[in-house]
Amino acid sequence: MTARLCVLVSGRGRNLRALHAACADGRIDGCITRVVCNQPQAAALEFAEQAGIACRPLDHRGFATRADFDAALADAVAESQPDWVILAGFMRVLGAPFVQRFGGRMLNIHPSLLPRHRGLHTHRSALEAGDAEHGASVHFVTDELDGGPVVIQGACRVHPEDDEAGLAERVMSDIELRIYPQAVAWACAGRVQCRQSTVYFDGAPLRAPLDMTALEEGF
Ligand code: GRF
């Protein structure tokens, strides 16, 4: 049965576009039934509107407290009756009640090799730390920021000549846009689950996150 996806965005929407394309060409057995965006001017929102996806702009600045925003967000998400809640560059920290409501069926993509470099400015942090490798991770969302169990990670070498923008672009185009559609496809197909902080792939617990070879092997 085609899974219903509610995608939360704040920014450019490159991951959203990749997910939309993968739903359209059948790589994901899913349908984006709603996009919720907290930034009225976001390119992601403009794309979703032009693509004919049902959109719910929800500007967080219109709410007195974080809890009020979270409650409205939870209602906006729940109304669309999603099987999966997909965070695709959603730049608000979600409170525990929201995470509990959708926990176990909520994925996020984070531009680092978690657990390294949680939070913002991950590319800069990786360069400053002198990391030899950097990348991106798809993980289940828990109430620990960027701390949930990881499904898949993709890594790339950091080159001496890399700057923050160039590294960010390589992580996005070579890794994020490949691993997120794949992880969402697995989720929609029922192949990936999270129970008691453990990720299961085809029913077996993952001892370590999957890597890009999982894509090449056509998992
Ligand atoms: C991506 O780098 C994603 O990993 C992070 O936010 C960024 C969103 O970019 N969580 P986009 O809106 O998908 O272009």
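Residues numbered from 1 in each chain as written. Predicted model: local features only at pLDDT ≥ 70, side-chain atom pairs only at ≥ 80, totals over all residues. Heavy atoms only, no water.

A. Spatial organisation of the site of the ligand. Close contacts around the ligand come from Gly-11, Arg-12, Gly-13, Arg-14, Asn-15, Gly-89, Ile-109, Pro-111, Met-172 and Glu-176, and that covers them all. Glu-176 places a side-chain nitrogen or oxygen 2.7 Å from an oxygen atom of the ligand. When isolated, the ligand has an accessible area of 370 Å², and the protein chains bury 84% of it. Classifying every residue of the shell around the ligand by side-chain character gives 3 nonpolar, 4 polar and 3 charged. When residues are assigned to domains, the shell around the ligand turns out to be shared by domain 1 (1-102) and domain 2 (109-219), each giving three or more. (Near = heavy atom within 4 Å. Polar contact = N/O pair within 3.5 Å; in protein donor to acceptor, adjacent residues only side chain to side chain. Areas by Shrake-Rupley, 256 points an atom, 1.4 Å probe, with all protein chains shown as cover. Nonpolar A, V, L, I, M, F, W, Y, C, P; charged D, E, K, R; others polar. Domains from an automatic or database assignment.)

B. Highlighting the packing of aromatic side chains. Taken as a whole and assessed by the stated rule, the structure comprises 4 aromatic pairs. On the basis of an interplanar angle of 50° and a centroid distance of 4.9 Å, the ring pair of Phe-98 and Phe-102 is categorised as tilted. Residue Phe-98 and its partner Phe-102 are located together in helix H4 (residues 96-102), separated by 4 residues, close to a single helical turn. With a relative accessible area of 2%, Phe-98 lands in the buried category. Positioned above the aromatic ring of Tyr-200, the side-chain terminus of Arg-195 is 4.0 Å from the ring centre. (Phe/Tyr/Trp six-rings, centres within 6.5 Å; stacked < 30°, edge-to-face > 60°. Helix = DSSP H or I, 4+ residues; strand = E, 2+ residues; numbered from the N terminus. Buried < 20%, exposed > 50% of the residue type's maximum accessible area, 1.4 Å probe, protein only. Lys NZ or Arg CZ within 6 Å of the ring centre and 35° of its normal.)

C. Looking closely at the side chain of Asp-146. Here Asp-146 shows up in the loop between strand S6 (133-140) and strand S7 (150-157). No salt bridge is formed by the buried Asp-146; its nearest oppositely charged neighbour, Arg-118, is found at 6.6 Å. At 3.4 Å, the side chain of Asp-146 and the side chain of His-110 are in polar contact. Setting aside its immediate chain neighbours within four residues, Asp-146 contacts Asn-108, His-110, Leu-114, Arg-118, Gly-119 and His-139. (Lys, Arg positive; Asp, Glu negative; His and termini not counted. Salt bridge = Lys/Arg side-chain N within 4 Å of Asp/Glu carboxyl O. Contact = heavy atoms within 4.5 Å.)

D. Representation of the pairing of strand S9 (residues 198-201) in the model. Across 4 bridges, strand S8 (residues 192-195) lies against S9 in antiparallel orientation. The residue bridging Val-192 from the neighbouring strand is Phe-201, located in S9. Once S8 ends, the chain turns through 2 residues before running back antiparallel as S9, passing Gln-196 with a positive phi of about 45°. Two strands pair when backbone bridges link them, and S9 and strand S10 (residues 204-205) are joined in this way by 2 bridges, in the antiparallel orientation. When the bridges of S10 are listed, Phe-201 appears paired with Ala-204. Between S9 and S10, which follow one another and run antiparallel, lie 2 residues, and Asp-202 among them has a positive phi close to 50°. (Pairing = 2+ DSSP bridges.)

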